[in-house]
Amino acid sequence: MQLTIPKRKSSVKLLLAVLFISLLYNCRKIDLPSHPPEENADVVYGWYKFIAKVQRPANPQPVVILNMRNFGFIGVGLYEAVRPGSKSAESLSSSLYQMPAMPQADAWQRYLWSESANAALASMFKLFLTGLTDADKASIDSLENVNYNRFKANTSTDILDRSQTFGRAIATAIYNWSTTDKFNLSSVGYMPPPVTPGSWVPTPPAFATLGPFLADSRPLLEYSLTAIAPPLPVPFSEDTSSRFYKAVKEVYDIGKNLTVAQKATADWWADAGGAAVGVPSPHHVLSIITWVQENQKAKLWQATEVYAKTGIALKDGGIITFRSKYHYNLIRPVTFIRRLIDTGWLSYLPTPPYPEYTSGLVGFYAPYIQVLIKEYGDIPVTDNAYDWRGLPARQYNSLSALLQEAALSRIYAGLHYRFTQEVSIKMGKELGNEIAAIRLVSPQYKHP
């Protein structure tokens, strides 16, 4: 018996050694997908420029706040469509409010993430954007096919088709999630509070009410569920010696003596004028974001993360701003001025159909600018949103300087008090900081 036990042990050891060597050999045979060091973001930049051209001549123009909201979801979907290609990247579903789990890529298969982005953007533009004609949709399909065929020169069809399927699955999941966000711009059923001397009332020329229920829309950040502007820094007063009266008088005096340059600034940031004249929102915003990213030579994963975070800013900025507007219900300059200073005065630009405090434009701009600053620094920036009209680009020493001019433009336009713009910038920066703090990739693997 003592002679047979060693033989059995030797046999077992030999068998284990053979199995281990076989396992190592078979593992070497598995074609594990590797994370490519980088993919450029050219396909994404191209899509954002293309869709601006599609929406620019639309008549009627896209509804501003709705389009802002839609591009917020599109940015999130774009990130999710390429996320698995970035080492250690996390889904936004772990950070955003009530965001469901997204479709998963097959970790054992290869993808071209540029094609996933291509398919996701093409699908989301058709799903989200309203007013697209059949010709618009055909042009979207055409660009998607052009990109696919360009990729086919260096990538196998099975990889492209797998990438395309994944991108489209993400687009569908994002759109389905968006349908439950209770977005509502209507004023049907709105009961305004009792009117006081300082209350907002509908203003000329439309005398309309827009967005009192926007605050009930589901935000992308839990932070935005309750965030609101601080109380008015300048209490309402009709006393001619009061700070409030002086703030109104500043708007009136500027409006009565607008220079050509001030009018040009107001027009630049208003993006008004209608089809093929202005820039439908948020394409002015997106042109700045795209310019910054191209200038910084951002690759695919970094670029899509920034499009996602600035998209969050566009959606939640509107929610917080409109919650503040209807909570404080502050009178517009045009109403105060026509009542107490000059009965014939009108703002240079038409006054929007909602309360004054806080600023809608700054509510959208300040958080996305802050996201860009947190990512790239307070860098010089060129705004060429109107190069297609032959207008010279505007140059700024910093992103902060661009934001300051955008805020000032609404004072020139006769729409806001200076204190409103100052508070709106501060509030927007706070939201931008919350968004920028979302950690999607471990610092060890910040971007491939």
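Residues numbered from 1 in each chain as written. Predicted model: local features only at pLDDT ≥ 70, side-chain atom pairs only at ≥ 80, totals over all residues. Heavy atoms only, no water.

Draft legend 1. Broad picture of the overall build of the protein chain. A tally of regular secondary structure across the protein chain gives 14 helices and 2 strands. Principal axes of the C-alpha set define a box for the protein chain whose edges measure 115 × 50 × 45 Å. For the protein chain, long-range pairs separated by at least 24 residues make up 83% of all intrachain contacts whose partners lie at least 6 apart in sequence. Surface exposure of the protein chain reaches about 20300 Å², of which carbon and sulfur atoms provide 56%. (Helix = DSSP H or I, 4+ residues; strand = E, 2+ residues; numbered from the N terminus. Contact = heavy atoms within 4.5 Å. Areas by Shrake-Rupley, 256 points an atom, 1.4 Å probe, with all protein chains shown as cover.)

Draft legend 2. Structural context of the packing of helix H2 (residues 42-55) against helix H5 (residues 134-152). Relative orientation of the contacting elements H2 and H5 amounts to 165 degrees, with a least axis distance of 11 Å. By the criterion of interaxial angle, the relationship of H2 to H5 is roughly antiparallel. Handedness of the crossing formed by H2 with H5: right-handed. Mapping the contact onto sequence places Val-43, Trp-47, Phe-50, Ile-51 and Val-54 in H2 and Asp-136, Ser-139, Ile-140, Leu-143, Glu-144, Asn-147, Arg-150 and Phe-151 in H5. Counted by class, the contact of H2 with H5 contains 8 nonpolar, 2 polar and 3 charged residues. (Axes fitted to C-alpha atoms, helices over the stretch in contact; angles between N-to-C directions. Parallel < 35°, antiparallel > 145°, perpendicular 65-115°, else oblique. Left-handed = near helix turned anticlockwise from the far one by under 90°. Nonpolar A, V, L, I, M, F, W, Y, C, P; charged D, E, K, R; others polar.)

Draft legend 3. Region of interest: the side chain of Ser-424. Assignment of secondary structure puts Ser-424 in helix H14 (residues 418-436). Taking the relative accessible area as the measure of exposure, Ser-424 reaches 0% and is therefore buried. What Ser-424 contacts, discounting residues up to four positions off in sequence, is Thr-358, Ser-359, Val-362 and Ala-366. (Buried < 20%, exposed > 50% of the residue type's maximum accessible area, 1.4 Å probe, protein only.)

Draft legend 4. Expanded view of the pattern of salt bridges. Throughout the structure, instances matching the rule amount to 14 salt bridges. Of the charged contacts, one joins Asp-141 and Lys-126 as a salt bridge, the two residues approaching to 2.5 Å between their closest N and O atoms. Of the two residues, Asp-141 sits in helix H5 while Lys-126 sits in helix H4 (residues 113-128), which places them 15 residues apart along the sequence. Among the salt bridges present, the one from Asp-253 reaches Lys-249, with a minimum N-O distance of 3.0 Å. Within this pair, Asp-253 and its partner Lys-249 are both found in helix H7 (residues 243-256), separated by 4 residues, close to a single helical turn. What emerges from the salt-bridge pattern is a single network uniting Arg-69, Asp-181 and Lys-315. (Salt bridge = Lys/Arg side-chain N within 4 Å of Asp/Glu carboxyl O.)

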